[in-house]
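# Structural description and commentary
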Amino acid sequence: MDRPELPQARRGTARASKPWRKAATGAAIALGLVVAAPLSAQAAAPAACTALQEKYPDWKGKTLVNAINPHTPGYETIDPKDPSKYIGFDIDLGEAIGECLGFKLTYKPVTFAALLTTLAAGQADIVISDIYATKERAKAADFITYSKVFDGVLVAKGNPKGINGINMSMCGTAAAENTGYVEVPLIQALIPECKKAGKAEPTIQLYDNNANCIQAILAGRADTYINDVNTVDSAVKAYPDKLEKAIAVTIPYSVGIAVPRDKPKFRDAVLAALIEVQKAGTHMELLKKHGLDVNNFKEPDILTAD
């Protein structure tokens, strides 16, 4: 279900609980936090993060703004138990990175299409919101990639249109997608192919968030919704009698953290902190905590337009 947006006065102040948890086999204090990780990583994390704060002191003690589209269960969404909070893997991962570098995060909810423009306009400092890193998007921001991408093809129960991927099976069907999604041009590229084959072209309905795309299928307005496989699996779990995943498809992208192009030092600091968060075992633990596929894990790297 779609959640109501936060009242304007609270949009920049919604909080998230700290992501690093106490390990069942032991615990160590890291920058005032308890880190769930193997003992060797626990021992290394405090010193490593302290060293990073000394190397990158510009952000220690600061409060930064994370632009998010809080409509992706498992990644970022409004806490149903407390509408002043956001929960999800990306929320916890961002908090862990911030703890390592010594900054706190507040949140600015926007439409998916506005994530990078909000960053470019200086209204946010960072974007950690399940956004695929592409060369085209890298013209607007630098990315630190941290997750592999597997898309799911969501359809009505029984798959009445027989859709089996981003291919000719989509001719004559209606796809619901988020404005700005990378899947949009992939579907658009099928239009001339369908016409050439004498078939009806696929149509695309654009929405502002995942929940509205899913509702379009439930209401019979759209035939499919193609997005991150974990999001699709979550929708099927929520509506098992009405929806199903036709197939999972490989998309040649990675999920990335977006930062301003003119702040390479900040980009390098976030990359270094993410590496330490992964070494501590926190990244993998958060995938498990939020019910996401551990195969999404990837070691980080940088994607720029250059």
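Below: a short report on this structure. None of the values given here were measured: they were computed from a predicted structure.

Definitions and limits used
Residues numbered from 1 in each chain as written. Predicted model: local features only at pLDDT ≥ 70, side-chain atom pairs only at ≥ 80, totals over all residues. Heavy atoms only, no water. 1 Å grid on protein atoms, 1.4 Å probe; cavity = no way out; pocket = protein on both sides within 12 Å on 5 of 7 lines; lining within 4 Å. Points joined across faces, edges and corners; volume = space filled by probe spheres on them. Helix = DSSP H or I, 4+ residues; strand = E, 2+ residues; numbered from the N terminus. Nonpolar A, V, L, I, M, F, W, Y, C, P; charged D, E, K, R; others polar. Buried < 20%, exposed > 50% of the residue type's maximum accessible area, 1.4 Å probe, protein only. Contact = heavy atoms within 4.5 Å. Disulfide = S-S within 2.5 Å. Pairing = 2+ DSSP bridges. Axes fitted to C-alpha atoms, helices over the stretch in contact; angles between N-to-C directions. Parallel < 35°, antiparallel > 145°, perpendicular 65-115°, else oblique. Left-handed = near helix turned anticlockwise from the far one by under 90°. Phe/Tyr/Trp six-rings, centres within 6.5 Å; stacked < 30°, edge-to-face > 60°.

## Describing empty space enclosed by the protein
A water-sized probe rolled over the atoms picks out the places where empty space is left. By the definition in use, this model includes one cavity of 30 Å³ or more. As for the largest cavity, its lining consists of 13 residues, of which F112, D130, Y132, Y181 and N227 are closest to the centre. Per element, the largest residue contribution to the lining of the largest cavity is three residues, and it comes from strand β8 (residues 126-133).

## Considerations on the layout of surface pockets
Estimates place the volume of the second largest pocket at around 170 Å³. Grouping the constituent residues of the lining of the second largest pocket by class yields two nonpolar, five polar and two charged.

## Digging into the environment of Y253
Tracing the backbone through its elements, the reader meets Y253 in strand β13 (residues 243-259). Residue classification places Y253 among the partly exposed positions, given a relative accessible area of 25%. With 119 residues separating them in the primary sequence, Y253 and T134 have C-alpha atoms 6.5 Å apart. Those residues in contact with Y253, other than ones at most four positions away along the chain, are Y132, A133, T134, V149 and V182.

## Overview of the state of the cysteines
Applying the stated criterion across every chain, the model contains two disulfides. Disulfide pairing places C49 opposite C100 at an S-S distance of 2.1 Å. As the torsion about the S-S bond is roughly -100 degrees, the C49-C100 disulfide counts as left-handed. With a gap of 51 residues between them, C49 in helix α1 (residues 39-55) and C100 in helix α2 (residues 89-101) connect regions that are remote in the sequence. Accessibility expressed as a relative area gives 0% for C100, which makes it buried. Residue pairing for C171: its cysteine sulfur links by disulfide to C194, the two sulfurs lying 1.9 Å apart. Looking down the S-S bond of the C171 and C194 bridge, the torsion is -85 degrees, so its handedness is left-handed.

## Observations concerning the sheet that holds strand β5 (residues 76-79)
Strand pairing in a sheet relies on backbone hydrogen bonds, with the paired strands running either antiparallel or parallel. Pairing within the open sheet is antiparallel, and its three strands lie in the order β4-β5-β6. Pairing within the sheet leaves two strands with one partner each, and these edge strands are β4 (71-72) and β6 (82-87). When β4 meets β5, the two strands line up antiparallel, connected through two bridges. Following the sheet pairing, T72 is matched in β5 by E76.

## Things to note about unusual backbone geometry
Even without being a glycine, D130 presents a positive backbone phi close to 50 degrees. The topology assignment puts D130 in strand β8. Take D130: its relative accessible area is 7%, and that puts it in the buried class.

## As for the packing of α2 against helix α9 (residues 282-289)
Any two packed helices are characterised by the angle at which their axes cross and by the distance between the axes. Between α2 and α9, whose axes approach to 10 Å, the crossing angle comes to 155 degrees. Classified by the angle their axes make, α2 and α9 are roughly antiparallel. Judged by the twist between their axes, the crossing of α2 over α9 is right-handed. In this structure, α2 uses F89, D92, L93 and A96 to contact α9, whose residues at the interface are T282, H283, L286, L287 and K289. Split into classes, the residues belonging to the contact of α2 with α9 amount to five nonpolar, two polar and two charged.

## Things to note about the packing of aromatic side chains
Considering all chains together, one arrives at five aromatic pairs under this definition. Both rings, one in Y86 and one in Y107, keep their centres 5.6 Å apart while their planes meet at 65 degrees; by these two values the pair is edge-to-face. One end of the pair, Y86, is in strand β6; the other, Y107, is in strand β7 (residues 104-109), with 21 residues separating them in the sequence. The residues Y86 and Y107 share a single accessibility class, namely buried. Each ring, one from F103 and one from F266, has its centre 6.3 Å from the other, and the planes form 55 degrees; the classification is tilted. Taken together, the residues span a long stretch of sequence, with F103 in the loop between α2 and β7 and F266 in helix α8 (residues 264-279) at a distance of 163 residues. F266 matches F103 in its accessibility class, with the two residues each being buried. Aromatic ring contacts, followed pair by pair, group W59, F103 and F266 into a single cluster.

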